[in-house]
Amino acid sequence: MPHDGHVHIDPASGDRRVSIAIWANALLTVAQIVGGILSGSLALIADALHNFSDMASLVIAFAARKIARRPADERMTFGYGRIEVVAALINYTTLILVGVYLIYEGGMRLIEPTEVAGWTVVILGSVALVVDTLTALLTYSMQKGSVNIRALFLHNLSDALASVAVIIGGSLILLYNMWWVDPAITIGIALYILYLAVTEIGDPIRILMLGSPPDLDNEAVVAAIRDVEGVHDVHHVHLWQMQENQAALDCHVVIADGATSEDVKSAVKARLSDEFGIQHCTLELEDLGHAHEGAQLYGHKENDA
């Protein structure tokens, strides 16, 4: 997990940006739902639900930014950063349910078309496009330093594209009375929502399952440890993410004869920090004469010390 050029935004300034985006998306969601009901446009309601899911993600991010600043305590010894991961998993699951429901409703509307007020669709779709663009601009600089904010940024770009589709649909209804376009666009938006949710839900699941960081080459990490002077071998390696941007490692390091344990430990930690950005690592040091026989490289066998 190499170092990169993250842009660090002042916490208070970042909170204000997310707060503005939340209120803008909340007002837009209410307007779209009311407009969708009054106009009979399922596409507007679909776009509103997608927009609401992004607003929920913004609320999650805002709350997580606040809570994650709390220091570790006796109840949460690793800190509170993972609350964002848990909330993201809930949010993506909800997105999948919303997408499936919209496909069902869109299919029913294709079977029994309903008259749609095209002007309402076009006007609210245009307002949505402005708000989605504003939200994307507010979070653009922040997304360079946060995987979660980057997901929000990409979602709002996708919302802007969905709003363009809604505007096109309303225009076709006004010009050609193509009522079937509205449910067809609804199904298209729903499929895109499902695509986003299914492709992104793997990250929070992997983190909660203590999976290895995806951008980290495990073999390269093990090779780097073995290459440190005084290291004979390494086993029982565990790599995981404490939080979305914080990789962690613990392992057993077998020290070669004649090597000093403190020197080896300092060298290994420095190597991991410099080459992979791993700041949190726990090393159990073993003398070569007392090393575990047949220990596996990753994880522990049952009853293995």
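Residues numbered from 1 in each chain as written. Predicted model: local features only at pLDDT ≥ 70, side-chain atom pairs only at ≥ 80, totals over all residues. Heavy atoms only, no water.

Q: Just checking my understanding: could you explain the overall build of the protein for this structure?
A: When you go through the protein residue by residue, the secondary structure sums to nine helices and three strands. Starting at the N terminus, the α and β elements of the protein follow one another as α-α-α-α-α-α-α-α-β-β-α-β. Every one of the 305 residues in the protein was classed for burial, and the buried ones make up 45%. Surface summary for the protein: the accessible area is close to 15,600 Å², and the carbon and sulfur share equals 62%. (Helix = DSSP H or I, 4+ residues; strand = E, 2+ residues; numbered from the N terminus. Buried < 20%, exposed > 50% of the residue type's maximum accessible area, 1.4 Å probe, protein only. Areas by Shrake-Rupley, 256 points an atom, 1.4 Å probe, with all protein chains shown as cover.)

Q: Would you mind going over the state of the cysteines with me for this structure?
A: Two cysteines, two sulfur atoms, one covalent bond between them: this is a disulfide. If you walk through the whole model with that rule in mind, you get zero disulfides. Cys251 takes part in no disulfide bond, and the closest cysteine sulfur to it belongs to Cys281, at a distance of 7.5 Å. Its relative accessible area of 2% is what places Cys251 among the buried residues. (Disulfide = S-S within 2.5 Å.)

Q: I keep staring at helix 9 (residues 261-276) and nothing clicks. Help me out?
A: The α-helix winds at 3.6 residues per turn, so residues separated by three or four positions along the chain end up facing the same way. With 16 residues, helix 9 ought to run about 22 Å at 1.5 Å a step, and its terminal C-alpha atoms sit 22 Å apart, in line with that. Elements in contact with the buried residues of helix 9: helix 8 (218-227), strand 1 (231-243), strand 2 (246-255) and strand 3 (280-287). Positive backbone phi, at 70°, marks Gly277, one or two positions downstream of helix 9. (Expected span 1.5 Å × (residues − 1). Contact = heavy atoms within 4.5 Å.)

Q: For this particular structure, what's the right way to read the sheet that holds strand 1?
A: Whenever strands of a sheet pair, they do so through backbone hydrogen bonds, lying parallel or antiparallel. Pairing within the open sheet is mixed, and its three strands lie in the order 1-2-3. Pairing within the sheet leaves two strands with one partner each, and these edge strands are strand 1 and strand 3. On average, each strand axis in the sheet is inclined to that of its neighbour by 10°, with strand direction left out of account. Pairing between strand 1 and strand 2: nine bridges, direction antiparallel. (Pairing = 2+ DSSP bridges. Axes fitted to C-alpha atoms, helices over the stretch in contact; angles between N-to-C directions.)

Q: Would you mind showing me how to read unusual backbone geometry here?
A: Although it is not a glycine, Asn177 sits at a positive phi angle of roughly 55°. Checked against the element boundaries, Asn177 lands in the loop between helix 5 (147-176) and helix 6 (181-200). Its identity is not glycine, yet His236 carries a phi of approximately 50°, on the positive side. Relative to the elements of secondary structure, His236 occurs in strand 1. Residue His236 is classed as buried on the basis of its relative accessible area, which comes to 0%.

Q: It is not clear to me how the pairing of strand 3 should be interpreted in this structure. Could you clarify?
A: In summary, the side chains of a regular strand alternate between the two faces of the sheet. One ladder, built from eight bridges, connects strand 2 with strand 3; its direction is parallel. When the sheet's bridge partners are listed, Leu249 is paired in strand 3 with Cys281.

Q: Where do I start with the packing of aromatic side chains in this structure?
A: The geometry of an aromatic ring pair comes down to the distance between the two centres and the angle between the two planes. According to the stated counting rule, one finds one aromatic pair in the structure shown. A ring pair is formed by Tyr192 and Tyr195, whose centres lie 6.2 Å apart and whose planes are at 20°; its orientation type is stacked. Of this pair, Tyr192 and Tyr195 both sit in helix 6, three residues apart, which is roughly one turn of the helix. Owing to a relative accessible area of 52%, Tyr195 belongs among the exposed residues under this scheme. (Phe/Tyr/Trp six-rings, centres within 6.5 Å; stacked < 30°, edge-to-face > 60°.)

Q: Would you mind showing me how to read the packing of helix 3 (residues 83-111) against helix 6 here?
A: Two quantities define a packed helix pair, namely the angle between the helix axes and the distance between the axes. With their axes 8 Å apart at the nearest point, helix 3 and helix 6 run at an angle of 160° to one another. Viewed along their axes, helix 3 and helix 6 adopt a mutual orientation that is roughly antiparallel. For helix 3 against helix 6, the interelement crossing comes out left-handed. From helix 3, Tyr92, Leu95, Ile96, Gly99, Val100, Leu102, Ile103, Gly106, Gly107, Arg109 and Leu110 reach across to helix 6, where they touch Asp182, Pro183, Ala184, Thr186, Ile187, Ala190, Leu191, Ile193, Leu194, Ala197, Val198 and Glu200. Per-class residue counts for the contact of helix 3 with helix 6 are 16 nonpolar, four polar and three charged. (Parallel < 35°, antiparallel > 145°, perpendicular 65-115°, else oblique. Left-handed = near helix turned anticlockwise from the far one by under 90°. Nonpolar A, V, L, I, M, F, W, Y, C, P; charged D, E, K, R; others polar.)

Q: How should a nonpolar patch on the surface be read in this particular structure?
A: A contiguous nonpolar surface patch, about 680 Å² in accessible area, is contributed by Trp119, Ile123, Val127, Leu174, Leu175 and Tyr176. Contributing elements (two or more residues each) for the nonpolar patch: helix 4 (118-140) and helix 5. Counting through the fold element by element, Leu174 comes out in helix 5. (Patch = residues over 30% accessible without salt bridge, like charges linked within 9 Å, V, L, I, M, F, W, Y side chains within 5 Å. Salt bridge = Lys/Arg side-chain N within 4 Å of Asp/Glu carboxyl O.)

Q: How should the environment of Ile255 be read in this particular structure?
A: Considering the arrangement of structural elements, one finds Ile255 in strand 2. On the accessibility criterion, Ile255 (5% relative accessible area) is buried. Residues Ile255 and Leu285, 30 residues apart in the sequence, show an inter-C-alpha distance of 6.8 Å. If we ignore the near neighbours within four places in the chain, the residues touching Ile255 are Gly230, His232, Ser261, Val264, Leu285, Glu286, Asp287 and Leu288.

Remember, this is a structural readout, not a statement about activity or role.
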